[in-house]
Amino acid sequence: MYYDDNTVVFLNGEWLKAQSAKVGLYQQSFHYGNGVFEGIRSYQTPTGPKVWHAKAHYERLLYSAKTMHISIPYAVDELVELTYELLEKNQLGDAYIRPLLYTSENMGLQIDDEAHLFLCAWDWGSYFGDKPLHLVTSQYARPDPASCHVEAKVTGHYANSLLAMKAAKQQGFDDALLLDKNGHVAEATGANIFIQKGGVLFTPKTGHLLPGITRQIVIDLCQSMGISCQEATLSLADVLAADAAFLTGTAVEIKGVTSLDGQVFPLMWQESLGATIHQQFNQKVRAA
Ligand code: PMP
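Residues numbered from 1 in each chain as written. Predicted model: local features only at pLDDT ≥ 70, side-chain atom pairs only at ≥ 80, totals over all residues. Heavy atoms only, no water.

Quick look at the domain arrangement of the chain
Cut-off, in case you're wondering: In this document the domain limits rely on a domain assignment from an automatic tool or a database. Whether two residues touch is decided by their heavy atoms; if any such pair falls within 4.5 Å, the residues are in contact. The quantity reported as buried area is the accessible area (1.4 Å probe) lost by two parts once they are put together, taken as the sum for both. Here, a salt bridge means any Lys or Arg side-chain nitrogen found within 4 Å of an Asp or Glu carboxyl oxygen. We define a polar contact as two N or O atoms separated by no more than 3.5 Å, with the added condition that, inside protein, one atom must be a possible hydrogen donor and the other a possible acceptor, whereas residues neighbouring each other in sequence contribute only through side-chain atom pairs.
When the domains of the chain are assigned, the result is domain 1 (8-122) and domain 2 (133-286). Contact with domain 1, which involves 26 residues of that partner, is made by 20 residues of domain 2. A combined buried area of about 2,000 Å² lies between domain 1 and domain 2, and 60% of that area is made up of carbon and sulfur atoms. Among the residues of domain 1 in contact with domain 2, Phe37, Trp52 and Arg60 are the three that bury the most area, contributing 31% of the side total. For the pair domain 1 and domain 2, the interface holds 2 salt bridges. A salt bridge links Asp94 to Arg286; the shortest N-O distance between them is 2.8 Å. Counting across the domain 1 and domain 2 interface gives 12 residue pairs in polar contact (both at pLDDT 80 or more).

The following block contains the structure:
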């Protein structure tokens, strides 16, 4: 699904067939979760593939690397250029792009700041498919910002997302809504949440979540569309009392949420502000 015999990837300065790209088993990233990565989408437009908010993603990659004391021998513009080259080599238009920076072979807990860059891309349709989303409140809290850099995209942080998603699936739900250590609403396993209440949108304040690039795009879209959108401290009761809700993320895009903990939101997705924003979003990603 992610690659076939013809797939080309970028590894350590070289273009290789995915089948022959290999790394050792003694990587610190593998054992201790010290890697940083991005999830980026490109969309086919009338003038060719467009890497959606490429700069913002690579600026976040560099920021994430800095939090983990990893140095990266590429500038944002070079990374953007490599990404277009990757798409071209794989003849991809609509694609999901995964840059990963992993560290060296080292079984100790000292960080060698040397990093290796892996870039790959594949055709990834709708992350959740077409069906409406049913969320469950997770028993797992988001990591404490006093313990790690929650605002960075670090591989090790995703153990939390994996556990929360597994528990949600085991209970028959599509995804989990995680609270922070204070019991306030944070985010889903790989996406941010917005709720609609009385014609106003609310999304949790930053501090205990990954401040998504799509989250910011939605906040900006709201401003240009004259929709009131506020960043706020939200309780679970606030979400349960909402008229509608949706998730945002690069993989997830904008996806309506039908229910939380079995309680259905009263407003139909098509009648919600989220659906209107989604339409605008779809036009923007496909614009030349
Ligand atoms: N939260 C988490 C935990 C995520 O993994 C993601 C996906 N990167 C998001 C939020 C959404 O971020 P973005 O819109 O930048 O993809």
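Some thoughts on the site of the ligand
What counts is decided by this rule: Nearness of a residue to a molecule or strand requires only that one of the residue's heavy atoms be within 4 Å of it. All accessibility values rest on the Shrake-Rupley procedure with a 1.4 Å probe; residue burial counts only the protein chains present in the view. All amino acids are sorted into three groups, where Ala, Val, Leu, Ile, Met, Phe, Trp, Tyr, Cys and Pro are nonpolar, Asp, Glu, Lys and Arg are charged, and the leftover types, Gly among them, are polar.
Residues in contact with the ligand amount to 16 residues; listed here are only the nearest, Tyr158, Glu187, Ile213, Thr214 and Thr250. A distance of 2.9 Å separates an oxygen atom of the ligand from a polar side-chain atom of Arg60. Between the ligand and Thr250 there is a distance of 2.6 Å, counted from an oxygen atom to a side-chain nitrogen or oxygen. Contact with the protein chains covers 96% of the free accessible surface of the ligand, which is 380 Å². Each residue belonging to the shell around the ligand can be placed in one class, and the counts come to 4 nonpolar, 8 polar and 4 charged.

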